[in-house]
Amino acid sequence: MPSHSEFQSPPPGCPAHAGGQRVPLHGPEFAAAPDAFYDMLRQYGPSAPVELAPGVEAELVTDYATALHVLQNPDTFARDSRRWRALNEGRVPLDSPVLPMMMYRPNCMFSDGADHLRLRQAVTESFARLDMHRVSRHVDRVAAYLVDQFSARGKADLITDYAQLLPLLVFNDLFGCPAEIGDRLISAISNLFDGVDAERANEAMGGALFELVTLKRSTPGDDITSWLMQHQSRLSDEEMVHQLALLIGAGTEPVQNIIANALRLLLSDEQFAGGQQGGGDVLVEDAINEVLWNSPPIANYATHYPTHEVELSGNKLAVGTPVLISFAAANADPTLSAGRQTFSKRAHLAWGAGPHACPAKDPALLISIRAIEKLLNALPDIELGVPADTLTWRPGPFHRALNALPARFTPVRSERRAPSGAAGGPGGGDARARESQTKPQKGSWWSGFLSWWRV
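Residues numbered from 1 in each chain as written. Predicted model: local features only at pLDDT ≥ 70, side-chain atom pairs only at ≥ 80, totals over all residues. Heavy atoms only, no water.

Participant: What exactly am I supposed to notice about the packing of aromatic side chains here?
Facilitator: The relation between two aromatic rings is expressed through the spacing of the ring centres and the mutual angle of the planes. Overall, the coordinates contain six aromatic pairs when judged by the stated rule. Centroid distance Phe-30 to Tyr-38: 5.8 Å. Interplanar angle 80°. Geometry classified as edge-to-face. Of the residues examined, Phe-30 reaches a relative accessible area of 3% and is grouped as buried. Between Tyr-301 and Phe-398, the aromatic rings sit 5.3 Å apart at their centres with planes inclined by 70°, giving edge-to-face as the arrangement. (Phe/Tyr/Trp six-rings, centres within 6.5 Å; stacked < 30°, edge-to-face > 60°. Buried < 20%, exposed > 50% of the residue type's maximum accessible area, 1.4 Å probe, protein only.)

Laid out in C-alpha cells, this is it:
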C-alpha cells in the first residue's frame, strides 16, 4: 500500500496543490467541486489525510466497505472526543469553527459502551412514541404557514423562507416548546446556521433548552422532551440539554438540506421535472433517494477515534486520530458503480450505520417528503429563479448545503389572513398581498405561527 506522502496532486485551485500533504475540506474550492476532491483523495487508498479547518487535521474514509468497518466496530473506533489527542495536547485552535461539531458533549453521539446504550435507548424509545399522523398534520400546518408568508410575492428563497424554517417549527411542536422559548430557540439555531456570533448563539440555545427542561420537569406534556425525562434512564438536566441540542440540531440542518437539495433536482433536472405537476409523490421520493445517494445532507462526519494504533486497509493511524466518514465519497465509491442503481434505497450511508446510525430517519424522511409535496401542490408552477448551474454551495467540511435557492411562481393571494371586511372589497387583494409580504422577524417565527394557526 503506498504511503500518504506519495500523493501530492490535489485538484487545480486546491491550496494543497502546491505540495501540502493534507487536503483542505474548507473554503470555496471544496464547496464548488467536492467530487473532484474525493476522486483525488481515493489515490491515498481507503482513507486520506485532510484538514477540516486551519490547524485541525483528520483522516477521511472514502471507501464504502472501510466506512462500514469503522462504523460497525465501536471497540476499535470510539466516538468519545475526549480521546482526541491533538486537542488534548493543545494543538487544535480553541476558536476553530469546527470545534462545536467535534468537542465532547454528554449525549449519545459522543458516548460509547454502557453510557451510549443508556442515552441511545432514551432517544429511540422516546421517538418510538411519536404519532406519525400527528407529525404529518403538523408539517402540513407549518408548510401552509410558511408558504402564506411569501406566496403573494411571486418569488422566494426556498432556503431561508422555507427549508430552513420548516424543520425548526416542526421540532418546536414535537419538543413541546412554548412560544417565548421557541422563538429564542429558532433565533439561536438560525444564527448558528448562518454563522452569526456563533458563541453567543450557542449560549442562547443552551439557555433556552435549559428553561425548556426546567419547565417540563414541573409541567410535563405529550412531547419528546417530557418523554425523554420520564424515561427509565433518568437523564440529568445537563444530559437533557445536550440530548435536546443534538436532536434538534441533527433534526434540522440535515432535513433542511434534504428538502433544499431535492427541490433543486425537482425544479431543474429533467429526470424529475414532473415532480411539481400533479403531486408526483413517487418522483419526490425518488429525488430524495437521489440526494441521499449522491448529495447526502451531511457529507463528512461521524468522527471516530482509534482506541489503539490501528492499520486501516494499509494506512496506519495513531491512537486518538480523528477519523471521519465521508458519506458522500463512500456512496460514490467506484467499486459500487456496477450494481449501485439496483441497491436497496437503504443501502446508502447517508443515515450512518452501526450502533450510532441515525435514530430519527423515519420522522426525517416523513417531514422532508411532506414538506416538498405541500410546497409543490401549493405553488404548481414554481420554477427556479436562476439557472441551476449558477447555484452555489456553503463552504464547510461537514455539510452539502446550498447558499440559496431562488424560485419564482404566479403570486397567490392569501385567503388565511384577509383583513376583516376587506375580502372581496375594493383593494382587498392588495391588502392581502401586502400582509403576506410582511414576514415575521427571526425572533418571532414560532409565536407568529401559533397566532396564525389560531385565526
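Once the structure has been displayed, the description carries forward.
Participant: Please clarify how the side chain of Ser-111 should be interpreted in this entry.
Facilitator: With respect to the helices and strands, the residue Ser-111 is situated in the loop between helix H5 (99–102) and helix H6 (113–127). Relative accessible area serves as the criterion here: at 6%, Ser-111 is assigned to the buried category. Within the structure, the side chain of Ser-111 is placed 3.2 Å from the backbone oxygen of Asn-107, a separation counted as a polar contact. In this structure, Ser-111 is in contact with Arg-79, His-116, Leu-119 and His-356, ignoring residues within four places of it in sequence. (Helix = DSSP H or I, 4+ residues; strand = E, 2+ residues; numbered from the N terminus. Polar contact = N/O pair within 3.5 Å; in protein donor to acceptor, adjacent residues only side chain to side chain. Contact = heavy atoms within 4.5 Å.)

Participant: I keep staring at the sheet that holds strand S10 (residues 383–384) and nothing clicks. Help me out?
Facilitator: Across a sheet, strands are paired by hydrogen bonds formed along the backbone, either parallel or antiparallel in direction. Here three strands make up an open sheet; going across it, the order is S5-S11-S10 and the pairing antiparallel. Pairing within the sheet leaves two strands with one partner each, and these edge strands are strand S5 (155–157) and S10. Sheet topology places S5 next to strand S11 (residues 406–408); three bridges connect them, and they run antiparallel. For Lys-155, the partnering residue across the bridge sits in S11 and is Arg-408. (Pairing = 2+ DSSP bridges.)

Participant: Explanation requested: the sheet that holds strand S6 (residues 300–306) in the structure shown.
Facilitator: The strand order across the open sheet built from six strands is S1-S2-S3-S9-S6-S4, with neighbouring strands paired in mixed fashion. Whereas interior strands pair on both sides, the edge strands pair on one side only; in this sheet they are strand S1 (23–24) and strand S4 (77–78). Note: S6 against strand S9 (residues 323–326), three bridges, orientation antiparallel. The residue bridging Asn-300 from the neighbouring strand is Ser-326, located in S9.

Participant: Explain the packing of helix H9 (residues 165–174) against helix H13 (residues 237–268) here, please?
Facilitator: Angle between the axes and distance between the axes: these two values describe a pair of packed helices. Across the interface, H9 lies against H13 with an axial gap of 8 Å and an inter-helix angle of 145°. Judged by the sense of rotation from one axis to the other, the crossing of H9 with H13 is right-handed. Two secondary-structure elements touch here, H9 through Leu-166, Pro-167, Leu-168 and Phe-171 and H13 through Leu-247, Ile-248, Gly-251, Thr-252, Val-255, Gln-256 and Ile-259. Within the contact of H9 with H13, the residues separate by chemical class into eight nonpolar, three polar and no charged. (Axes fitted to C-alpha atoms, helices over the stretch in contact; angles between N-to-C directions. Left-handed = near helix turned anticlockwise from the far one by under 90°. Nonpolar A, V, L, I, M, F, W, Y, C, P; charged D, E, K, R; others polar.)

Participant: Teacher, can you tell me more about the state of the cysteines here?
Facilitator: By definition, a disulfide links two cysteine residues through a covalent bond between their sulfur atoms. All chains considered together, the criterion is met by zero disulfides. The cysteine Cys-108 is free of any disulfide, with Cys-358 supplying the nearest cysteine sulfur at 9.8 Å. (Disulfide = S-S within 2.5 Å.)

Participant: Looking at this model, I keep getting lost on the environment of Thr-66. Mind explaining?
Facilitator: Residue placement: Thr-66 occurs in helix H3 (residues 64–71). As a C-alpha pair, Thr-66 and Ser-47 span 19 residues in sequence and 8.3 Å in three-dimensional space. Thr-66 has contacts with Pro-46, Val-61, Leu-312 and Ser-313, leaving out every residue within four places of it along the chain.

Participant: How should I be thinking about the pairing of strand S3 (residues 56–61) in this particular structure?
Facilitator: Remark: a regular strand shows side chains that alternate across the two faces of the sheet. Burial of S3 is extensive: five of the six residues sit out of reach of the surface. Two successive antiparallel strands, strand S2 (residues 47–53) and S3, enclose a turn made up of two residues, where Gly-55 displays a positive phi of approximately 85°. Pairing of S3 with S9 involves three bridges; the strand directions are parallel. Paired with Val-61 across the bridge in S9 is Ile-325.

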